[in-house]
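# Fold and contact review
Residue-level listing of the chains:
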Amino acid sequence: MTNTIGCIEKADVILVTGSNTTENHPVLSSFVKRAVKSRGARLIAVDPRRVKIARHAHMHLRQNLGTDVAWINGMMNVIIAEDLYDKAFVESRTEKFEELKKLVIKYTPDYVEAIAGIPAQQLIDAARMYAGAGVASIVYCMGITQHSHGTDNVKSLANLSMLCGNLGMEGGGVNPLRGQNNVQGACDMGGLPNVYPAYQPVSDLAIAKKFEEAWGVSGLPTKVGLQVTEMVPKAHEGEIKALYIIGENPLVSDPDLNHAEESIAKLEFLVVQDIFMTETAKMAHVVLPSKCFAEKDGTFSNTERRVQRVRTAVPPPAEAWDDWKIICEIGSRMGLPMAYENSEAIFEELRKVTPSYAGITYARIDQEGLHWPCPNEEHPGTPVLHKEQFTRGKGLFHAIEYTPPAELTDDRYPMYLTTGRLLYQYHTGTMTMKSEGLNDRAPECFVEIAPVDAARLGLDDGARVKVASRRGGIKAVVQISSKARPGTVFIPFHYAQAAANRLTHAALDPISGIPEFKVCAVKLEKAA
Amino acid sequence: MADENRLVINGNELRFEPGETILEVARRNDIDIPTLCYLKGATPTGACRVCVVEVEGARTLVASCATPAAKGMVVHTESPKVVEARKMIIQLLLSSGNHNCAVRGSDGVDWTAFQLKVQAEDSSEELCPVWGDCRLQDLAYRYQVSGDAFEGTPTPYPMETVNPFIVRDFSRCILCGRCVQACNEVQVNNAINFGYRGSPTKIVAAEDKPLRDSDCVFCGECVQACPVGALVEKNVRYQVRPWETEKVRTTCTYCGVGCQLELHVKDGKVVNVTGAEGAPPNYGSLCVKGRFGYDFIHSEERLTKPLIKEDGRFREATWEEALDRVAGRLSEIKDQSGPDSIGVFTSARITNEENYIANKFTRAVLKTNNIDHCARL
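Residues numbered from 1 in each chain as written. Chains lettered and ligands numbered in written order. Predicted model: local features only at pLDDT ≥ 70, side-chain atom pairs only at ≥ 80, totals over all residues. Heavy atoms only, no water.

Within chain A, the regular secondary structure consists of 18 helices and 21 strands. Here chain A has a C-alpha radius of gyration of 24 Å; the compact-globule value for 528 residues is 24 Å, and the two agree. Seen along its three principal axes, the alpha-carbon backbone of chain A occupies a region of about 65 × 65 × 45 Å. By residue count, 65% of the 528 residues in chain A fall in the buried class. (Helix = DSSP H or I, 4+ residues; strand = E, 2+ residues; numbered from the N terminus. Rg over C-alpha atoms; globule rule 2.2 N^0.38 Å. Buried < 20%, exposed > 50% of the residue type's maximum accessible area, 1.4 Å probe, protein only.)

Written out as structure tokens, the structure reads:
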């Protein structure tokens, strides 16, 4: 997030898109709802599904799946045509505005209606509402990123925010909601194929040299590595021969699971380090038991870049170890001594090579976390990014054309499928499915379908239905709901027994490598 | 100085900001005014009247939570009139439900009959489930009153136990409305409200349905807000007493919001979870997963020993053997097929320190940049 969670309550207008906020970030959603209820903020929800946050919204725009660039361009078309944009901000803090302006000319409300299915007047009203705000916040999640053109979607939202001068101020910003407790931290700490901690490029020789000195090694690789979604197919092709998987369950969470299973089965060696015998761990050659969050010390970095303490509350079961200790033991056996007294000793080392964390210490975050960047121990942290200038200097507008999703419906697969999470389950369910109470509330996989589609297909609520895509099929229970957009069904991806990812498409965004979980074509038929 | 915003509380001249209530000024200056219904951040309702204070020149006592501080006001927070009023309120509340703790008051026969009635309704032989952790009980001690000043009233509505998370015990509800505010003003889930206005008032969900059939999303904000034993976590009720537990502050392990939690630990087990009050980013709020989704920690299915697969089956191994096996096989594959034939999936679930170590291991030991995690999934 460019801004903080607390900042959301200071916005005049909040645009929530591609985020089922009340189910996936419930506590954060209450900041949005309070802004509307107590402060009179206006809320625009843009989502194909009638998600619960839309109940609190003044406008709900329901776009066709995968048409985000079109409606965002459309809003900018209206804002520029009606002269509602922030000229001073555009003038002083951005560049390439003319290119953007030229491109969005054709995205008139009528043109956008034909692509995105949003009535032209609704788009105009939403554009005026967003641009009319003193300060407006954009909140988005995987509904924006999990597309074959997800990076385009994100850049388009950044365009919209810059156009109205909403960056670098309290209550504004472009705010992605991160779905995992420490996905921010995993990225910050170099858990990515192209960067060291603090996003220092692996291909930069000076950076490599810095890390060689810090770690006392030589010959650090400078070639950018493979992304998760590349490693799995490369395992299929035989280029990747061994995987060491820590605390992940790709055999439920990956797209096109049938193919992913074949790929993993081809590995010469698979190590899985986890707290449970997951679907992925079952395929491993060696399984290493690790501690869960309640058994370990350390830090997590949340979606607003706040680095917070994790503390040991209970002893681990039997011989479960800290994840760091396991890795260090393997590293030491392979020739690099990696010995640390505790997690704080590791933190002390990492902050020396991670400029954005340099000023953070366990003592400083004992009571309250700090937002990175925090370059030195006197620095108060940075709740709001881009205040004076952007990281690159001026904010760059990207003129982006709409392109359709990678897989479209046809006669054989006439409906769209979109996937996501539920309030009562979490990701692949390895943790939440151990709670009777949570299972009681969300016991099994279902297919959410609009009443009109259910009637057309002769499906009753609670009936079993077969859903198939070009890649696989599952059976699940029909849940007729006005939440679903006609022509589109929704399936939660938590349930291994009826894994939605047997259906999903592994088409990747060319830059982020994120799969298009949010759009694929399926057919439905009554299950025998 | 004369035009400054000042008032006097218990003889102390204090500044106030326009709009501040008497209660807020007092609390900011460490003057304790007791409250039951007051919920920070929500609209003051003045419902319980426990926070009444005496303002010189005013005809009646005023609710300090709902009365704005005014220039020149002279306030007494524990005057005889105030104390008398509070005693009366507490006595009425104590006599109006199953408040079966030591302060219920006793003349022998009634006490026994009352205990037996409550214990039968609760199917428990213990005192009140929140005995020792109850704001009403605190006040009864503070003002040295008991519940036998007035005749007891029968339990108006049966207990609701049909959902997996929360027991709603209407016999102990004092209708302070904190739960209603927590639900409607803090979490804005709009699931519960006052129903049946008048004497049989009840906090209802939807049209007086069980929580599981209403808009309730089981965030438990109401449980954390309840000052008495009307709303209690099902797993905790009659199982855990606060003095048996130690609280450990940590960060939630589910989504990326990073809510601050208190893990309540008893005998080496997490037995309850509450939101850490007053701390960002969540200021005490949690969701159903954060508050109730902790069973996995002590699940029987946890992995407890390293496992090595042989002939398609896992067998237990020592750490020495497992680590040697992993290091050996990774070294072999690295030597035979090159560093880039190995990949590491680090994790968005583990700590920064551990991700840093995974990054160091991949790059400095394996000598590849094939490291990634599920940010994309």
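There's more to say after this.
Residue and element names in this part refer to chain B. Each assigned domain of chain B is listed with its residue range as follows: domain 1 (6-78), domain 2 (102-233), domain 3 (242-298) and domain 4 (307-376). Each of domain 1 and domain 2 has a C-alpha centre, and the two are 27 Å apart. Residue-level contacts link twelve residues of domain 1 with 14 residues of domain 2. Approximately 1100 Å² of surface area, both sides summed, lies buried where domain 1 meets domain 2, with 55% of it carried by carbon and sulfur atoms. If you look at where domain 1 meets domain 2, you find two salt bridges. The partner of D32 in a salt bridge is R142, and the shortest N-O contact between them spans 2.6 Å. Taken together, domain 1 and domain 2 are joined by six residue pairs in polar contact (both at pLDDT 80 or more). Within the side of domain 1 that touches domain 2, the residues separate by chemical class into eight nonpolar, two polar and two charged. (Domains from an automatic or database assignment. Contact = heavy atoms within 4.5 Å. Buried area = accessible area lost by both parts, 1.4 Å probe. Salt bridge = Lys/Arg side-chain N within 4 Å of Asp/Glu carboxyl O. Polar contact = N/O pair within 3.5 Å; in protein donor to acceptor, adjacent residues only side chain to side chain. Nonpolar A, V, L, I, M, F, W, Y, C, P; charged D, E, K, R; others polar.)

Turning our attention to the interface of chain A and chain B. Between chain A and chain B, the contact holds 156 residues from the first and 110 residues from the second. A per-residue breakdown of the area chain A buries against chain B is headed by F293(A), R333(A) and M334(A), which together make up 6% of the total. Taken together, the connections running from chain A to chain B amount to nine salt bridges. A salt bridge links E319(A) to K305(B), with the shortest nitrogen-to-oxygen separation between them at 3.7 Å.

Here helix α11 (residues 205-215) of chain A has its buried residues at I207(A), A208(A), F211(A) and W215(A). Seen end-on, α11(A) carries its buried residues on one side only, within an arc spanning 100°. Of the exposed residues in α11(A), those oriented more than 90 degrees away from the buried face are L205(A), A206(A), K209(A) and E213(A). Where α11(A) is buried, its residues contact β7 (195-196), β8 (200-201) and α16 (343-353) of chain A together with α9 (352-366) of chain B. The backbone nitrogen of A206(A) has a side-chain oxygen 2.9 Å away, supplied by the residue at the start of α11(A), namely D204(A). Looking at the residues trailing α11(A), positive phi occurs at G216(A), about 65°. (Arc of directions from axis to C-beta.)

Applying the stated criterion to the full structure yields 21 aromatic pairs over all chains. For the pair Y244(A) and F361(B), a centre-to-centre distance of 5.9 Å together with 85° between the ring planes defines the contact as edge-to-face. Here F361(B) lies in helix α9 and Y244(A) lies in strand β9 (residues 242-246), a pairing that spans two chains. A relative accessible area of 1% places F361(B) in the buried class. Consider the rings of Y157(B) and Y196(B), whose centres lie 6.2 Å apart with planes at 20°: the pair is stacked. Placement of the pair is Y157(B) in the loop between α4 (135-143) and β6 (166-168) and Y196(B) in the loop between β7 (192-195) and β8 (202-205), with a sequence separation of 39 residues. The exposure class of Y196(B) is partly exposed, given its relative accessible area of 43%. When the ring centre of F31(A) is taken as origin, the NZ or CZ atom of R34(A), which lies over that ring, is 4.6 Å away. Across the ring face of F276(A), the terminal group of K434(A) is positioned such that the distance to the ring centre comes to 3.9 Å. (Phe/Tyr/Trp six-rings, centres within 6.5 Å; stacked < 30°, edge-to-face > 60°. Lys NZ or Arg CZ within 6 Å of the ring centre and 35° of its normal.)

Moving on to the sheet that holds strand β16 (residues 371-372) of chain B. Across the sheet, which stays open at both edges, the seven strands sit in the order β14(B)-β13(B)-β11(A)-β10(A)-β9(A)-β15(B)-β16(B) with mixed pairing between neighbours. With partners counted over all chains shown, the strands left at the sheet margins are β14 (313-316) and β16 of chain B, one partner each. (Pairing = 2+ DSSP bridges.)

Residues and elements named next belong to chain A. Checked against the element boundaries, N342 lands in the loop between α15 (323-333) and α16. By relative accessible area, which is 30% here, N342 ends up partly exposed. Along the primary structure N342 and A54 are separated by 288 residues, whereas in three dimensions their C-alpha atoms are 46 Å apart. Polar contacts involving the side chain of N342 include one to the main-chain amide nitrogen of E344, which spans 3.2 Å. A polar contact of 2.9 Å, which involves the side chain of N342, links it to the backbone nitrogen of A345.

A complete count under the given rule lists eight cavities of 30 Å³ or more for this structure. Along the walls of the largest cavity sit 30 residues, with G247(A), D274(A), T430(A), M431(A) and R349(B) positioned nearest its centre. If you list the elements that add at least two residues to the lining of the largest cavity, you get α13 (250-253) and β10 (269-274) of chain A. Its residues placed into classes, the lining of the largest cavity shows eleven nonpolar, 13 polar and six charged. Of the pockets and cavities examined, the second largest cavity occupies roughly 170 Å³. Looking at the lining of the second largest cavity residue by residue, the class counts come to 15 nonpolar, one polar and three charged. (1 Å grid on protein atoms, 1.4 Å probe; cavity = no way out; pocket = protein on both sides within 12 Å on 5 of 7 lines; lining within 4 Å. Points joined across faces, edges and corners; volume = space filled by probe spheres on them.)

A few words now on the state of the cysteines. Residues and elements named next belong to chain B. Taken as a whole and judged by the stated rule, the model has zero disulfides over all chains. Among the cysteines around C48, which has no disulfide bond, C37 carries the closest sulfur, lying 3.7 Å off. The buried category is assigned to C48, whose relative accessible area is 12%. Unpaired in terms of disulfides, C173 finds its nearest cysteine sulfur in C179, a separation of 6.1 Å. (Disulfide = S-S within 2.5 Å.)

Residue and element names in this part refer to chain A. Counted according to the given criterion, the structure contains 55 salt bridges over all chains. Its salt-bridge partner being K10, residue E170 comes within 2.7 Å of it at the nearest N-O pair. Residue E170 is located in the loop between α9 (150-163) and β6 (174-176), and its partner K10 is located in the segment before β1 (13-17); the two are separated by 160 residues in the primary sequence. On the basis of relative accessibility, which here comes to 45%, the residue K10 falls in the partly exposed class. Residue D410 is joined to R470 by a salt bridge in which the shortest nitrogen-to-oxygen separation is 2.4 Å.

Here we take up the domain arrangement of chain A. Interface extent is often summarised as the accessible area lost during association of the parts. Residues and elements named next belong to chain A. For chain A, the assigned domains are domain 1 (6-177), domain 2 (179-224 + 290-375), domain 3 (226-289) and domain 4 (415-526). Each partner contributes residues to the interface: domain 1 has 25 residues there, and domain 4 has 25 residues. When domain 1 packs against domain 4, close to 2000 Å² is buried across both sides, 49% of that on carbon and sulfur atoms. On the domain 1 side of the interface with domain 4, the three residues burying the most area are R49, L65 and Q146, jointly 34% of the side's total. If you look at where domain 1 meets domain 4, you find two salt bridges.

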